[in-house]
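Below are the chains, spelled out letter by letter.
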Amino acid sequence: MSLYFILITVSAGIPVLMSFDKRLRFYKKWKFVFPAITIVAMGYLIFDVIFTEEGVWGFNPDYLSGIFLMGLPLEEILFFFAIPYASIFLHYSFVECFPTIKPNEKLTRALTYILMAISFFLVVFNTGKIYTSYIFSKLFLVLLLSFLINKEVIQQFYITFLIILIPFTLVNGILTGNGINGEIVWYNNFENLGIRFFTIPVEDFGYAFSLVLFNLILIELLKKIYSKT
């Protein structure tokens, strides 16, 4: 069993088991969660395939199972299902337990405008860096969508993302070489800002933010559609 697969399994395994907690009963949201995760994963995987072929990033075979689909390691494909599930579970669990802990609307709006402005300028001034421009274009888009579709989601997500960052940093740190010999996932630094938090490219935090928030927006949208049928 590969190290990458173990990380994915542990990351998702505990939240899946806790989904049956009598208070949370998160499994009741599965009819919205799994379709949302699948739809978002498809969108991200398309670019993952392209950027792997272009050498924007790649994978260390020493830490893989050796099973590939569409040019990607099986573990990389599972990443887009396991990590969002774990993050979504953390988000809704926190909201269920602490529904009133969130920034007010004015602060939420200010934070969103600031992040959109930062994303815009990073894209404009880094058009030659594929990973940087890709991530911050996507971040700008998801922030805009959160305003247009469901402002409450991002209002709560600003708090829950701080919690999600804890397991994310641990897992992504290992993926990028922290505590192991070499890297599981390597990055071409000519295609990013070259700024790292320990071993993690700074773009990865924008990646995580947009990936999870995309899922949450879609989940809430599917809930609204379901309630009208």
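What you see is a predicted model; the values in this text were computed from it and never measured.

Analysis parameters
- Residues numbered from 1 in each chain as written.
- Predicted model: local features only at pLDDT ≥ 70, side-chain atom pairs only at ≥ 80, totals over all residues.
- Heavy atoms only, no water.
- Helix = DSSP H or I, 4+ residues; strand = E, 2+ residues; numbered from the N terminus.
- Rg over C-alpha atoms; globule rule 2.2 N^0.38 Å.
- Buried < 20%, exposed > 50% of the residue type's maximum accessible area, 1.4 Å probe, protein only.
- Areas by Shrake-Rupley, 256 points an atom, 1.4 Å probe, with all protein chains shown as cover.
- Lys, Arg positive; Asp, Glu negative; His and termini not counted.
- Charge placed at Lys NZ, Arg CZ, Asp CG, Glu CD.
- Salt bridge = Lys/Arg side-chain N within 4 Å of Asp/Glu carboxyl O.
- Expected span 1.5 Å × (residues − 1).
- Axes fitted to C-alpha atoms, helices over the stretch in contact; angles between N-to-C directions.
- Parallel < 35°, antiparallel > 145°, perpendicular 65-115°, else oblique.
- Contact = heavy atoms within 4.5 Å.
- Nonpolar A, V, L, I, M, F, W, Y, C, P; charged D, E, K, R; others polar.
- Patch = residues over 30% accessible without salt bridge, like charges linked within 9 Å, V, L, I, M, F, W, Y side chains within 5 Å.

Draft legend 1. Broad picture of the overall build of the chain. Helices and strands together make up the secondary structure of the chain, namely seven helices and six strands. Here the C-alpha atoms of the chain give a radius of gyration of 17 Å, agreeing with the 17 Å that 2.2 N^0.38 yields for 229 residues. Referenced to the eigenvectors of the C-alpha coordinate spread, the extents of the chain come out at roughly 45 × 40 × 35 Å. Across the 229 residues of the chain, 48% fall into the buried class. Put simply, the chain shows about 11600 Å² of open surface, and 70% of that area lies on carbon and sulfur atoms. Seen as two clouds, the 16 positive and the 15 negative side-chain charges of the chain have centres 17 Å apart.

Draft legend 2. Main features of the pattern of salt bridges. Using the criterion set out here, one finds three salt bridges in the structure. The partner of Lys102 in a salt bridge is Glu152, with the nearest N and O atoms 3.7 Å apart. With Lys102 in the loop between helix H3 (74–97) and helix H4 (105–124) and Glu152 in helix H6 (residues 151–175), this pair connects stretches of sequence that are 50 residues apart. When its relative accessible area of 42% is taken as the criterion, Glu152 is described as partly exposed. Across the pair Lys223 and Glu220 runs a salt bridge whose closest N-O atoms are separated by 3.3 Å. Placement of the pair is Lys223 and Glu220 together in helix H7 (residues 203–227), with a separation of three residues, close to one helical turn. By relative accessible area, which is 23% here, Lys223 ends up partly exposed.

Draft legend 3. Geometry of H7. The end-to-end C-alpha distance of H7, which contains 25 residues, comes to 36 Å, matching closely the 36 Å that a straight helix rising 1.5 Å per residue would cover. A large share of H7 lies buried, amounting to 18 of its 25 residues.

Draft legend 4. Summary view of the packing of helix H5 (residues 130–149) against H6. Here H5 crosses H6 at 125 degrees, and the two axes come no closer than 6 Å. Considering the angle they form, H5 stands oblique to H6. Mapping the contact onto sequence places Leu143, Ser146, Phe147 and Ile149 in H5 and Lys151, Ile154 and Tyr158 in H6. For the contact of H5 with H6, a count of residues per class yields five nonpolar, one polar and one charged.

Draft legend 5. Up close: the side chain of Thr176. Tracing the backbone shows Thr176 in the loop between H6 and strand S4 (185–187). What Thr176 contacts, discounting residues up to four positions off in sequence, is Glu183, Val185, Tyr187, Thr199, Ile200, Pro201 and Asp204.

Draft legend 6. The arrangement of a nonpolar patch on the surface in detail. A surface patch of nonpolar side chains, about 520 Å² in accessible area, is lined by Met1, Ile6, Val10, Ile14 and Met18. Mapping Met18 onto the fold places it in helix H1 (residues 3–18).

Draft legend 7. The environment of Ala12, seen in detail. With respect to the helices, strands and loops of the structure, Ala12 is situated in helix H1. Between the alpha carbons of Ala12 and Leu78 there is a distance of 10.0 Å; along the sequence they are 66 residues apart.

Keep in mind these values describe shape, not function.
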